[in-house]
Amino acid sequence: MNDNVLPDSFDPIYFSAGSWDSRVAQWIDATKTQEFADGNEHAVRQAISDKDSGLVVVVNIGTHALLSLLPDGRYLNLYEKPAVGGERKEPSGDREFVDSAMGIHGKDVYFAALALGGCGIRFYGEFCLVLKLDQIDPDPQMFDRDSYDILLPPFTDLPDRQLLIQRLVGRWNADRYAMALMKVLPGLDHQHGLVTTGTVSEMVLKDQEYIEIHLHPARASKDEHPDRSRGGFGRHDIEELRESPDEVAVATRLRERSDDGLLLADVEYEWLLRRECVTRTVAAAKLPARVVTQHGRGYQWK
């Protein structure tokens, strides 16, 4: 293998050395004979560029961390060794290796994900925070997948892992729409029907398959945001909190059982109490909160 090119087994469009916009153009040209390709491209572009419900940057957070963040705490990265649930967290060896390989100065970077709708990456916490990106980092770096993927094949099988990493990096201002299109369009069947907005949302961020955002708050003006010296970001950098209907339904059912005189398990009772504490804290912090569901060709916001 030539050190300047990837193996032939890699998709020549997706992993090309061209810009993300040029990759989208090549992909569209390659699928133009498929009956629903034009309609699907239009549907995806419309969904991701919608003024009110288009692409956003999110982080997920658990109950303990959210209660520490609101009303005037800070969202910290692992290098700052935050206390979560009474335990002091710090970066793993894998995290430090990945950051080094990615050229990331971990102490200054905060990881987030690109989203369209939904509730983010719930693996990291049941509460999804939508960020005011312009106040934190107006043009963050993007990576088209979870950066931990570079610890696995095919990254580890290449003589030059950096070449592949470089081809999967982009910037928010220049590349977010094209990267989202390349995340969604190759996964669609353009021969049988049109995609819905709900499907687009799910494909932009599905489980732990997502486009990673590397936030660098120091890029924001310290004159406008003097608390930047404290690291991370705070309440006033958050646009809204999103919750999944799954957790809300469970909480509602537990309250009903308790009101009916049925005993709850200790873990259920503790979970319910913490959620009720979050509800009060979010309200006191005047943070907008929504229960989000995906539905058909649009969203239901409740």
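None of these values were measured; they are calculated from a predicted model. (Residues numbered from 1 in each chain as written. Predicted model: local features only at pLDDT ≥ 70, side-chain atom pairs only at ≥ 80, totals over all residues. Heavy atoms only, no water.)

1. A closer look at the overall build of the protein
Summing up its helical and strand segments, the protein has 10 helices and 11 strands in all. Taken over C-alpha atoms, the radius of gyration comes to 21 Å for the protein, in line with the 19 Å a tight globule of 302 residues would show. With respect to the principal axes defined by its C-alpha atoms, the protein has extents near 65 × 45 × 40 Å. Carbon and sulfur atoms make up 49% of the accessible area of the protein, which totals about 15,500 Å². Taking the average place of the 35 positive charges on the side chains of the protein and the average place of its 49 negative ones, the gap between the two points comes to 4 Å. (Helix = DSSP H or I, 4+ residues; strand = E, 2+ residues; numbered from the N terminus. Rg over C-alpha atoms; globule rule 2.2 N^0.38 Å. Areas by Shrake-Rupley, 256 points an atom, 1.4 Å probe, with all protein chains shown as cover. Lys, Arg positive; Asp, Glu negative; His and termini not counted. Charge placed at Lys NZ, Arg CZ, Asp CG, Glu CD.)

2. Here's the deal with the pattern of salt bridges
A full pass over the atoms with the stated rule returns 16 salt bridges. Across the pair Asp 99 and Arg 95 runs a salt bridge, and its minimum N-O distance is 2.8 Å. Taken together, the positions of Asp 99 and Arg 95, both in helix α4 (residues 93-102) and four residues apart, correspond to about one turn of that helix. This pair shows no difference in class: Asp 99 is buried, exactly as Arg 95 is. Salt bridges here are not isolated pairs; linked through shared partners, they connect Arg 122, Asp 246 and Glu 247. (Salt bridge = Lys/Arg side-chain N within 4 Å of Asp/Glu carboxyl O. Buried < 20%, exposed > 50% of the residue type's maximum accessible area, 1.4 Å probe, protein only.)

3. Some details on the packing of helix α2 (residues 37-49) against helix α7 (residues 172-184)
Two numbers describe how α2 lies on α7: the axes approach to 10 Å, and their chain directions differ by 135°. As far as their axial angle goes, α7 and α2 are oblique. The handedness of the crossing between α2 and α7 comes out as right-handed. Contacts between α2 and α7 involve Val 44, Arg 45, Ile 48 and Ser 49 on the former and, on the latter, Tyr 177, Ala 180, Leu 181 and Val 184. Grouping the amino acids of the contact of α2 with α7 by side-chain chemistry returns six nonpolar, one polar and one charged. (Axes fitted to C-alpha atoms, helices over the stretch in contact; angles between N-to-C directions. Parallel < 35°, antiparallel > 145°, perpendicular 65-115°, else oblique. Left-handed = near helix turned anticlockwise from the far one by under 90°. Contact = heavy atoms within 4.5 Å. Nonpolar A, V, L, I, M, F, W, Y, C, P; charged D, E, K, R; others polar.)

4. Considering the nonpolar core
Judged by nonpolar contacts, the single largest core of 66 residues is most densely connected at Val 44, Leu 66, Leu 114, Leu 129, Leu 131, Val 200 and Leu 215. Setting aside chain neighbours within four positions, we find Leu 131 in contact with Val 57, Val 59, Ile 136, Leu 215, Phe 233, Asp 237, Ile 238 and Glu 239. Membership of the second largest hydrophobic core comes to 11 residues, among which are Val 58, Val 130, Tyr 210 and Val 292. (Core = buried A, V, L, I, M, F, W, Y, C linked by side-chain atoms within 4.5 Å.)

5. Quick notes on the packing of aromatic side chains
By the definition in use, this model includes five aromatic pairs. Ring geometry for Tyr 14 against Trp 20: centres 6.0 Å apart, planes inclined by 90°, an arrangement best described as edge-to-face. Judged on exposure class, the residue Tyr 14 and its partner Trp 20 are both buried. Measuring from ring centre to ring centre gives 4.7 Å for Tyr 75 and Phe 233, while their planes differ by 10°; the resulting arrangement is stacked. Here Tyr 75, found in the loop between α3 (63-69) and β2 (83-84), pairs with Phe 233, found in the loop between β8 (212-215) and β9 (238-243); they are 158 residues apart in sequence, far enough to count as distant. Assessed through its relative accessible area of 0%, Phe 233 is described here as buried. Here the aromatic residues Phe 10, Tyr 14, Phe 15 and Trp 20 are joined through ring pairs into a cluster of three or more. Stacked on the ring of Phe 111, the Lys or Arg Arg 95 has its end atom at 4.1 Å from the ring centre. A cation over an aromatic ring shows up here: Arg 95 above the ring of Tyr 148, its NZ or CZ 4.7 Å from the ring centre. (Phe/Tyr/Trp six-rings, centres within 6.5 Å; stacked < 30°, edge-to-face > 60°. Lys NZ or Arg CZ within 6 Å of the ring centre and 35° of its normal.)

6. Re the packing of helix α1 (residues 20-30) against α7
Relative orientation of the contacting elements α1 and α7 amounts to 35°, with a least axis distance of 8 Å. α1 and α7 meet at a crossing whose hand is left-handed. Packed against α1, whose contacting residues are Trp 20, Asp 21, Arg 23, Val 24 and Trp 27, the element α7 presents Ala 174, Asp 175, Ala 178, Met 179, Leu 181 and Met 182 at the interface. For the contact of α1 with α7, the residue count by class is eight nonpolar, no polar and three charged.

7. Section: the pairing of strand β4 (residues 110-115)
The element β4 is extensively covered by neighbouring structure, given that five of its six residues are classed as buried. Where strand β1 (residues 56-61) and β4 come together, three bridges link them in antiparallel fashion. What sits directly across from Val 58, in β4, is Ala 113. Bridging between β4 and β8 involves four bridges; their strand directions are antiparallel. Looking at the pairing, Tyr 110 lines up with Leu 215 of β8. (Pairing = 2+ DSSP bridges.)

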